[in-house]
Amino acid sequence: MTRAAQDRTLVLLRHSKAEQQNWDNDHERELTARGRRDAAAAGRWLIEQGIGIDEVLCSTSERTQQTTEGVWSSGCPEGEVHLDRRIYLASPQRLLEVIREADEDADVLMVVGHAPGIPSLAELLCDGEGSVEGHRKMAEGYPTSAVAVLHYSGRWADLQFGEATLERFHVCRDEA
């Protein structure tokens, strides 16, 4: 198999529930207690699905960094984390630009970001292809702690809209 045809997994995680009030700076908003529990639930779900992360591209916001930390706190194997300011409240086009710069050795890439960019990116990348059930759930909404798992064959640098398929979509909630 050539490197160009290598199978890849792209995990698109919307940050967990963040504080809504008493914040003068949106970038500094922190997770609520529920958000912290849901972030750990996301990590447990990834483990249950057999998904290990090679590289993480994370927004520089406090809530996305805390979400990433919560995923690792659950025992999900840690991937190399790269904080990137461009992900903060980014458009799908900007997110795609960032993904194209991912390490080519990373077969499983996770992007931790915000709505509406992450949900729109998931839709544009898979363009209705893949799991019917996953698309149905995603169409119902992409709330906090939601994860879309997409399959892609090729180099990250070559990824285009419409070239991935949706494997799974799940909203991670701590049921405690």
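Keep in mind that this is a model prediction, so the values were computed, not measured.

S.K.: Outline the overall build of the protein chain, supporting the account with residue identities and numerical values.
M.R.: Helices and strands together make up the secondary structure of the protein chain, namely five helices and six strands. Taken against the 2.2 N^0.38 rule, which gives 16 Å for 176 residues, the C-alpha radius of gyration of the protein chain at 15 Å falls within 12% of a compact globule. Along the three orthogonal principal directions, the C-alpha set of the protein chain runs to about 50 × 30 × 30 Å. Every one of the 176 residues in the protein chain was classed for burial, and the buried ones make up 50%. Of the contacts formed within the protein chain by residues at least 6 apart in sequence, a portion of 78% connects residues at least 24 apart. Element-wise, carbon and sulfur atoms account for 45% of the exposed surface of the protein chain, whose accessible area totals about 8000 Å². Distance between charge centroids for the protein chain: 5 Å, based on 19 positive and 31 negative side chains.

S.K.: How would you sum up the packing of aromatic side chains? Please name residues and give values.
M.R.: Considering all chains together, one arrives at two aromatic pairs under this definition. With 5.0 Å between their ring centres and 65 degrees between their planes, Tyr142 and Phe169 make a pair best called edge-to-face. Of the two residues, Tyr142 sits in the loop between α5 (132-139) and β5 (146-153) while Phe169 sits in strand β6 (residues 165-171), which places them 27 residues apart along the sequence. Side by side, Tyr142 and Phe169 carry an identical accessibility label, which is buried.

About the criteria used
- Residues numbered from 1 in each chain as written.
- Predicted model: local features only at pLDDT ≥ 70, side-chain atom pairs only at ≥ 80, totals over all residues.
- Heavy atoms only, no water.
- Helix = DSSP H or I, 4+ residues; strand = E, 2+ residues; numbered from the N terminus.
- Rg over C-alpha atoms; globule rule 2.2 N^0.38 Å.
- Buried < 20%, exposed > 50% of the residue type's maximum accessible area, 1.4 Å probe, protein only.
- Contact = heavy atoms within 4.5 Å.
- Areas by Shrake-Rupley, 256 points an atom, 1.4 Å probe, with all protein chains shown as cover.
- Lys, Arg positive; Asp, Glu negative; His and termini not counted.
- Charge placed at Lys NZ, Arg CZ, Asp CG, Glu CD.
- Phe/Tyr/Trp six-rings, centres within 6.5 Å; stacked < 30°, edge-to-face > 60°.

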